Amino acid sequence: MKIMVAVKRVVDYAVKIRIKPDKSGVETQNVKMSMNPFCEIALEEALKIKESGLAKEVIAVTMGPSNCVDTLRTGLAMGADRGIHVEAARDLVPLSVAKVLKKLVEVENPGLLILGKQAIDDDCNQTGQMIAALLGWPQGTFASKVVLDKEKQVATVDREVDGGLETLCLDLPAVITTDLRLNQPRYATLPNIMKAKSKPIKKYTPEELNVKIKSDLEVVQVTEPPKRKAGVILSSVDELIDKLKNEAHVI
Amino acid sequence: MEKWRATTNLRRSLKSILNRQLKFRYLNGKRSCQSSFNLIRDCKSLGQVNAIQHRCFSSASTLVQRNPSFSTLNSDDISYFKGLLGEKSVIQDEDRLETVNTDWMHKYKGSSKLLLLPRSTEEVAQILRYCNSRCLAVVPQGGNTGLVGGSVPVFDEVIVNVSSMNNIISFDKVSGILVCEAGCILENLISFLDNQGFIMPLDLGAKGSCQIGGNVSTNAGGLRLVRYGSLHGNVLGLEAVLANGDVLDMLGTLRKDNTGYDLKHLFIGSEGSLGIVTKVSILTPPKLSSVNIAFLACNDYSSCQKLLMEAKRKLGEILSAFEFLDTEAMNLVLHQLDGVRNPLPASMHNFYILIETTGSDESYNREKLEAFLLSSMEGGLISDGVLAQDINQASSFWRIREGVPEALMKAGAVYKYDLSLPVEKMYDLVDDMRIRLGDLATVVGYGHLGDGNLHLNVSAPEYDDKILEQIEPYVYEWTSKHRGSISAEHGLGLMKANKIYYSKSTETVQTMASIKKLLDPNGILNPYKVLPHSLNS
């Protein structure tokens, strides 16, 4: 069975982001970029499944401009077997990503499609659900535990939901999106980095896949949330009562 | 000789004994280590922090007596200070005094009765002028993270803590020159500079608590010295207050200024014994966007050395840190700290090296680092390694290296040594100590290999004189034989006050004593520390 994992190149989680002066978006020039943390977890899960003998190949997929190949290289260094890069302009919306993924799935025929639950730059949490609907596949989102049964061709997924944990049984092929507690991604070791240099990366364009990339959304403005105002230290209970009465009007 | 007096004191209240423990032993000049040690262990239940040993003093040669020429505090002094600083800045509360009297390692405890919190240079000057006239001993204090007992009183010295002086005065975005008060916490300065696109030229594990005044006064080294050099190069100016209250304004912001003797260098590294630093002007390097970090394993120490040579040659200008830890250090960290995982779990290797590169071009630097690592691997210098893929992974590597001191504290008693040695010989000392100590204790070696700085730590479940005998003076003599420094970056403080001759000649030390006498004739600034006690008279 093949496993396909979609990974996204985003601003590194630990970076303090800044808004561009023209308020059109977040500053990404000269800022450290890395693989989306949830995508790392997705890839780690795929690698674990492969190591347990239930899959024979892990394919990492990414979409975007040419610098996205860095993320694919990271994926290959972690242990993916090959990579696919779909060249496109920046900022693909989840629906476009899902449509491209659908075409790739038709080409590669994986038994499992694993994605991160959301990307940390747009926090959409939509791609996994959309691709499952487009393919007509079952979906197990916010997975915190995944167990595969090869003979029965089912995946048992524990989902993290508001009320606790929900366990679902999905027939393969299926879509799984990963949540934080699923696993701890491995480090890229030097021998693997060396091997990654010779692993193949196939390039596609959306035209080759017969997908029209159009966005129905337009970002109007990006602004920072209002800064927290400093508190005031009061010196007595009387002053507190006075402020609550006359300034805050709560008593 | 004085054992009967020991037992008399033991009958008094436990609390006052805890405070007088050190004082008593100094006064009577006899080592009653065993009995008082057991007493301190029993006092653990007195609400002291668990699992941390309160330790009594090291070898007999460092016993010191309270200098009788220092006055004792009286109520007039307290009134004066209250009038000068206001009630809030004059602390006599026992609980707060408890904290400031004890050092970070809980190894040294003084018995000061007064903590002062000045908010400006003028207040510091007036405090010192008064103390000088009254002959009251003073301990300058900042973040209290020093490791040689230099930041806490030995007896009842007045503690002058500059934590309230924590303003950033100015920052020049073009030149990167930062002017700030001595009480600014290093981590806060790093965050401030981060927003401006700059970084501090020094970085240490203690950054969350240590203050820049203390860093400058101790000439702190840290993790980035191999790239940015020492504070002697980065500090452009400082303002210090002398013992008699005179304010020396040397707060220049010029890169070049050859007018007269450059006195600021006296204050950098003199550990508060020549003056209290109140403001610092420091040159900060720009923050470069591409930081890469690798965690590597080597089989033996000679590979580590060769790796260092190769790194300096091949990585050249982008190398920003080169640290090492041995397998015992790694074990300790994995055992004692939470949330730390071994990046190279396949097997326990003998040595671990952490290499960090900082540059401006991400892809170029990454390629350079990868090429260097792969060629080192092919050449057999590294047996395994990982490259951090994002900032989180990078922080986890640093957590391992920066967490070693913390892990050592948690493991029980620790004897800490900080030595500068020729790189080829560095690990021989660790091996020698292992042979000497055998099963008595675990010897851990780690440090700034890039600077030739070894942090030799001996970890044991409890403090024991048998262990100490095997360590001192052997370690100092070994270092001296190889013309190394017995204190690479920690300073002398109280711990090594009498050990300076292992690394400096008699004439040099005499000249130091003359300078001390010139700038502080009454000897009130941080007494009993830095220079040998025999020179104070």
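Residues numbered from 1 in each chain as written. Chains lettered and ligands numbered in written order. Predicted model: local features only at pLDDT ≥ 70, side-chain atom pairs only at ≥ 80, totals over all residues. Heavy atoms only, no water.

1. Let's talk about the overall build of chain A
Within chain A, the secondary structure is distributed over six helices and 12 strands. With respect to the principal axes defined by its C-alpha atoms, chain A has extents near 75 × 40 × 40 Å. Within chain A, residue pairs in contact and separated by at least 24 positions form 70% of the contacts whose partners lie at least 6 positions apart. Carbon and sulfur atoms form 52% of the exposed surface of chain A, whose accessible area is close to 13700 Å². (Helix = DSSP H or I, 4+ residues; strand = E, 2+ residues; numbered from the N terminus. Contact = heavy atoms within 4.5 Å. Areas by Shrake-Rupley, 256 points an atom, 1.4 Å probe, with all protein chains shown as cover.)

2. Remarks on the overall build of chain B
Check the secondary structure of chain B and you find 20 helices and 16 strands. Counting all 537 residues of chain B, 57% fall into the buried class. Long-range contacts, defined as pairs at least 24 residues apart, comprise 73% of the intrachain contacts of chain B with a sequence gap of at least 6. As displayed, chain B offers around 21700 Å² of accessible surface, 51% of which is attributable to carbon and sulfur atoms. (Buried < 20%, exposed > 50% of the residue type's maximum accessible area, 1.4 Å probe, protein only.)

3. A short note on the environment of Ile159(B)
Residues and elements named next belong to chain B. By the element assignment, Ile-159 lies in strand 4 (residues 158-161). Classification of Ile-159 by relative accessible area gives buried; the value is 0%. Expressed as a C-alpha distance, the spacing of Ile-159 and Leu-117, which sit 42 residues apart in the sequence, is 8.6 Å. Setting aside its immediate chain neighbours within four residues, Ile-159 contacts Val-100, Asn-101, Ser-112, Leu-114, Leu-115, Leu-116, Val-139, Gln-141 and Pro-153.

4. Regarding the UniProt feature "domain: Electron transfer flavoprotein alpha/beta-subunit N-terminal" (unreviewed entry) in chain A
The feature "domain: Electron transfer flavoprotein alpha/beta-subunit N-terminal" (unreviewed entry), as given by UniProt, occupies residues 23-213 of chain A in the numbering adopted here. From the first C-alpha to the last, residues 23-213 of chain A spans 24 Å; its make-up is 29% helix and 31% strand. (UniProt positions renumbered as here; feature names shortened; annotations may be inferred.)

5. Here's the deal with the interface of chain A and chain B
The partner chain B presents 28 residues to the 22 residues of chain A that form the contact. Summed over both partners, the interface of chain A with chain B comes to about 2200 Å²; 55% of that surface belongs to carbon and sulfur atoms. Of all residues in chain A, Lys32(A), Tyr187(A) and Leu190(A) bury the most surface against chain B, accounting for 37% of the area lost on that side. On the surface where chain A and chain B come into contact, there are three salt bridges. For the pair chain A and chain B, the number of links is nine residue pairs in polar contact (both at pLDDT 80 or more). Listed by contribution, the elements that provide at least two residues to the side of chain A that touches chain B are strand 11 (188-189) and helix 5 (190-196) of chain A. By residue number, the principal contributor to the side of chain A that touches chain B is helix 5 of chain A, which donates four residues. Tallied by class, the residues present in the side of chain A that touches chain B amount to 10 nonpolar, five polar and seven charged. Judged from the two bridges that link them, strand 11 of chain A and strand 13 (residues 384-387) of chain B form a sheet pairing that is antiparallel. Across the sheet, residue Thr189(A) finds its bridge partner in strand 13 of chain B, namely Val386(B). (Buried area = accessible area lost by both parts, 1.4 Å probe. Salt bridge = Lys/Arg side-chain N within 4 Å of Asp/Glu carboxyl O. Polar contact = N/O pair within 3.5 Å; in protein donor to acceptor, adjacent residues only side chain to side chain. Nonpolar A, V, L, I, M, F, W, Y, C, P; charged D, E, K, R; others polar. Pairing = 2+ DSSP bridges.)

6. Brief notes about the pairing of strand 5 (residues 168-172) of chain B
Residues and elements named next belong to chain B. Bridge count between strand 5 and strand 6 (residues 177-181): four bridges; the pairing is antiparallel. Across the sheet, Ile-168 pairs through a bridge with Cys-180, a residue of strand 6. The turn joining strand 5 and strand 6, which pair antiparallel and follow one another in sequence, is formed by four residues; a positive phi near 80° is taken by Gly-176.

7. Things to note about the sheet that holds strand 6 of chain B
Residue and element names in this part refer to chain B. Reading across from one edge, 5-6-9-7-8 is the order of the five strands in this open sheet, with antiparallel pairing throughout. Both edges of this open sheet fall to strand 5 and strand 8 (247-250), since each of them pairs with a single strand only. Adjacent strand axes in the sheet meet at a mean angle of 10° when their direction is disregarded. Along the sheet, helix 7 (residues 186-196) contacts strand 5 and strand 6; its crossing angle with strand 5, the most-contacted strand, is approximately 30°. (Axes fitted to C-alpha atoms, helices over the stretch in contact; angles between N-to-C directions.)

8. With respect to the packing of aromatic side chains
A ring pair, where both rings are aromatic, is described by two values, the distance of the centres and the angle of the planes. This model, assessed by the stated rule, comprises 18 aromatic pairs over all chains. With centroids separated by 5.4 Å and ring planes inclined at 85°, the aromatic side chains of Tyr415(B) and Tyr463(B) adopt a geometry described as edge-to-face. With Tyr415(B) in strand 14 (residues 413-420) and Tyr463(B) in the loop between strand 16 (453-460) and helix 18 (465-471), this pair connects stretches of sequence that are 48 residues apart. Exposure class is identical for Tyr415(B) and Tyr463(B). Each is buried. Residue placement shows Arg341(B) over the ring face of Tyr187(A); its charged tip is 4.5 Å from the ring centre. (Phe/Tyr/Trp six-rings, centres within 6.5 Å; stacked < 30°, edge-to-face > 60°. Lys NZ or Arg CZ within 6 Å of the ring centre and 35° of its normal.)

9. Details of the domain arrangement of chain B
All names here are of chain B. When the domains of chain B are assigned, the result is domain 1 (66-161), domain 2 (168-283), domain 3 (290-482) and domain 4 (505-535). One C-alpha centre belongs to domain 2, the other to domain 3; they are set 28 Å apart. Each partner contributes residues to the interface: domain 2 has nine residues there, and domain 3 has 16 residues. Around 920 Å² of area is buried between domain 2 and domain 3 when both sides are counted, 51% of it from carbon and sulfur atoms. On the domain 2 side of the interface with domain 3, the three residues burying the most area are Leu-223, Val-226 and Arg-227, jointly 64% of the side's total. At the junction of domain 2 and domain 3, the tally comes to two salt bridges. The partner of Arg-224 in a salt bridge is Glu-356, with the nearest N and O atoms 2.9 Å apart. The tally of links between domain 2 and domain 3 comes to seven residue pairs in polar contact (both at pLDDT 80 or more). Class assignment of the residues belonging to the side of domain 2 that touches domain 3 gives a composition of four nonpolar, two polar and three charged. (Domains from an automatic or database assignment.)

10. Details of the pairing of strand 14 of chain B
Each regular strand carries side chains that alternate between the two faces of the sheet. Residues and elements named next belong to chain B. Among the eight residues that make up strand 14, seven are buried, leaving the element largely enclosed by the rest of the structure. Both strand 14 and strand 16 contribute to a ladder of eight bridges, which runs antiparallel. Along strand 16, the bridge assignment pairs Asp-418 with His-455.

11. Here's the deal with the packing of helix 17 (residues 426-437) of chain B against helix 19 (residues 474-481) of chain B
All names here are of chain B. Two elements in contact, helix 17 and helix 19, have axes whose closest approach is 11 Å; the angle formed by their N-to-C orientations is 150°. If you check the angle between helix 17 and helix 19, you find them roughly antiparallel. Two packed elements cross with a definite hand, and for helix 17 against helix 19 that hand is right-handed. Contacts from Asp-428, Leu-429, Asp-432, Met-433 and Arg-436 of helix 17 reach helix 19 at Tyr-474, Val-475 and Trp-478. Counted by class, the contact of helix 17 with helix 19 contains five nonpolar, no polar and three charged residues. (Parallel < 35°, antiparallel > 145°, perpendicular 65-115°, else oblique. Left-handed = near helix turned anticlockwise from the far one by under 90°.)

12. Here's the deal with the pattern of salt bridges
Any two side chains of opposite charge can pair, on the condition that their charged atoms come close. Residues and elements named next belong to chain B. Under the counting rule described, the total for this entry stands at 45 salt bridges over all chains. The partner of Lys-279 in a salt bridge is Glu-239, with the nearest N and O atoms 3.2 Å apart. Note that Lys-279 is positioned in strand 9 (residues 276-283) and Glu-239 in strand 7 (residues 235-241), a separation of 40 residues in sequence. Of the residues examined, Glu-239 reaches a relative accessible area of 8% and is grouped as buried. Bridged by salt links that share partners, the residues Asp-203, Lys-207, Arg-224, Glu-356 and Glu-402 form one connected network.

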